[in-house]
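Chain and residue survey
Here is what each chain is made of, one letter per residue.
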Amino acid sequence: MTDIMTTLRQRRVGKGTEAVEDQPSEENVKPDEESLSENTGGKLWSILSITVGGIVAISLGLLTSVYVATLHENDLWFSNIKEVEREISFRTECGLYYSYYKQMIQATSIQQAIPRACLFLHLHFIWTSGSLCHCSVCNKLASQWNMAFRVVGSLLVYYKQRLTLMAVFIATFLFSLTWQFNQFMMLIQALALFILDCFDMLPTAKVTQLYVIQISGLLLVCILQFFNSMILGSLLISFNVSVLIARTIQKNLKKGSLLNRLGKLVLHGLLVLCLTLVINKFIKKILNLESDEHIFKFLKAKFGFGATRDFDANLYLCEEAFGLLPLNTFSRLSDTLLFYVYVFVLFFMTVAAVIVAFWNLSGSNQVQFTAKMEDCTATLRPDAAYNLVHTVLFGCLALSTMRMKYLWTSHMCVFASFGLCSTELWKPVLKGVHLYTSQRMHMIKYSVPIITLLYIAYKFWPGIMDELSELREFYDPDTVELMNWIKSNTPNTAVFAGSMQLLAGVKLCTGRTLTNHPHYEDKHLRERTKQIYQIYAKRSPEDVYKILRSFGTDYVILEDSICYERRHSRGCRLRDLLDIANGHIMDGLGENEPDLKPSLYPRFCEEVKKNLPSYTVHFARVFQNKTFHVYRLAKHK
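Before going into details, it helps to say that this report is about the structure given with it. (Residues numbered from 1 in each chain as written. Predicted model: local features only at pLDDT ≥ 70, side-chain atom pairs only at ≥ 80, totals over all residues. Heavy atoms only, no water.)

Side note on the packing of helix H9 (residues 182–198) against helix H10 (residues 204–224)
The description of two packed helices rests on the angle between their axes and on the distance between the axes. We count it as follows: Structural elements are reduced to axes, namely lines fitted to C-alpha atoms, with helices fitted over the stretch in contact, and the angle between N-to-C directions of any two is expressed from 0 to 180 degrees. The secondary structure listing takes helices from DSSP runs of H or I that are at least 4 residues long and strands from runs of E that are at least 2 residues long, numbered from the N terminus. For classification, angles of less than 35 degrees are called roughly parallel, those exceeding 145 degrees roughly antiparallel, those between 65 and 115 degrees roughly perpendicular, and all remaining angles oblique. Here a crossing is called left-handed whenever its near helix is offset anticlockwise from the far helix by less than a right angle, and right-handed whenever the offset is clockwise. Residue contacts are defined here by distance: any two heavy atoms, one from each residue, within 4.5 Å place the two residues in contact. Polar here means any residue outside two lists: the nonpolar Ala, Val, Leu, Ile, Met, Phe, Trp, Tyr, Cys and Pro, and the charged Asp, Glu, Lys and Arg; Gly therefore counts as polar.
Axis separation between H9 and H10 bottoms out at 10 Å; the angle between their running directions is 165°. By the angle between their directions, the pair H9 and H10 is classed as roughly antiparallel. Note that H9 runs across H10; the crossing there is left-handed. Together, Asn182, Met186, Gln189, Ala190, Leu193, Phe194 and Asp197 of H9 and Thr204, Val207, Leu210, Tyr211, Gln214 and Leu218 of H10 make up the contact between the two elements. For the contact of H9 with H10, the residue count by class is eight nonpolar, four polar and one charged.

Below you can see the structure in the form of structure tokens.
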């Protein structure tokens, strides 16, 4: 539309100057010289701003890495503690993944290293987590590391050259390879592309190419991960295939009046949704996949579609990280000015998106609307539209599940920065208040980010210095004592049972075989973990012994912090979840569901410590400190 209007204006000028075409004057030449000078100055200023901005961005990135590394060192005194203490500091999944990385690099020959490397790849993203586990937020590092590949993939979407499709494919492949939950994040990307396609904000052909790239990347990862069936049963593949099928079924989606197109889009959305569910159900039925069923049970219970006694779903529901986003998050984001800037940019971008969507769907040719549309179209380029939808989807995800906040807040920074530094946003804003000039726009574009950075530095520098001055030291003598005892007093072939979190440390520190571990995306492993956790339920010693021996257990580790847990309220303690799943009344004062019944047996983790004959015949205590109790299982013939 802008190109057409420009051409029309040029033709009018041409017709009006035909008579004096052969009489060039100084006035005709001067505007061209001024325009050339402005263009040259603009290019130089653009190069200068990009150079300076790039240097500032890289410098701040390096400072942030030094800051985080210093905090980690100050918090744990990591460089000065014993090796076993360093390994214990790698919590839960991080400890498990690092244990395989440790085994691989400690292999004495290439023949030993290759099988370990295969196992390394088979556990999805082990090498990533292991090599980066030296940060204080180990449990989220894998997702943060592969976020780089997702960001690269998002950036490359905007370029028009065909060669970049290969770059997008490589970024998508690497992102999928290095994170087991890639399918859920890429599903959000696919939803964003679907929405933009429906409202004609991205070319359909380009969106189709990106769908195919996503599917191809996942299928290649599936092959490299020894035909990981969880990938084939992902919602992402089902959704992308459904969109492609729906397009072939529904013709002329982008033709007709406004109401006609809106009706078609509603039917299109319903068709894609139904096809996605049917295809996903069919794939899982054929391949007998149940890897992620606990996620859907959790979501069903979380959003009020029925209570559940499922142990795995309740395990998530009772964790604060999987609850709603606390309201104080917004006040903390406001302290850095991020939330205010984000809302400001989001408001204007949303208004522009609504206008552009209305224009695209209605196909209006009203002349008086053209000028506004030019401003909105300039503001809402495809990259801006994509990030607008992306940030809204991330926001919904974070509001519903606090653990997803790290996705939203990082994207908030990118989105807010785009608004502060973009002429596309400031130009229509200044025009709206009748204050627009080119010089004023550029002054605001460069001065507002600088003022913002200076304000943030002034406000938070004292707090940063206080944080850097705090010196702590890793201190967990009970766990260190346990790990040293295991290494010194048990055979290398011994099999240990216990909580997922503790066993990950046992694997890393001692190399002993485990009955279960924190990798929870496997139905059989989830069922095994639930059975192992009967050591904290109200079960008979014979039942517990049979369960543990069925998994080849030689030693079981009991933790007082779980057996007498007080971190969670009644109904969310691990022992309560087990009681509910087993149909038993929970301990303590409070209500119980009517159909729950008293157990015939006391709680195993409490009774086994009394050394009663019915327990000692199966379990012999071989280690004890203030936190842990280790029992060796008898080997009855």
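Back to the text.
Digging into the pattern of salt bridges
So the rule is basically this: Put simply, a salt bridge is a Lys or Arg side-chain nitrogen that is within 4 Å of an Asp or Glu carboxyl oxygen. Only protein chains enter the calculation, and the probe is 1.4 Å; a residue is then buried if its accessible area is under 20% of its type maximum, exposed if over 50%, and partly exposed in between.
One pass over the full model with this rule turns up 24 salt bridges. Taking the shortest distance from any N to any O, the salt bridge between Glu83 and Arg86 comes out at 3.9 Å. Taken together, the residues Glu83 and Arg86, both in helix H3 (residues 83–88) and three residues apart, mark about one turn of the helix. Residue classification places Glu83 among the partly exposed residues on the basis of a relative accessible area of 46%. Here the salt bridges do not stand alone but share partners, grouping Asp197, Asp200, Arg247, Lys254 and Arg261 into one network.

A short note on the nonpolar core
Which entries qualify depends on this criterion: Among buried residues, those of type Ala, Val, Leu, Ile, Met, Phe, Trp, Tyr and Cys that are joined through side-chain atoms within 4.5 Å constitute a nonpolar core.
Of all hydrophobic cores here, the largest spans 70 residues; its most connected members are Met185, Met201, Tyr211, Phe239, Leu380 and Trp408. With 31 residues, the next largest nonpolar core counts Tyr520, Cys563, Leu574 and Phe619 among its residues.

With respect to the packing of helix H13 (residues 258–287) against helix H17 (residues 338–362)
Interhelical geometry of H13 versus H17 gives an angle of 105° and a closest axis separation of 8 Å. Compared by their axis directions, H13 and H17 come out roughly perpendicular. When H13 is examined against H17, the residues Leu258, Arg261, Leu262 and Leu265 are found in contact with a partner set consisting of Phe358, Asn360, Leu361 and Ser362. Of the residues contributing to the contact of H13 with H17, the split by class is five nonpolar, two polar and one charged.

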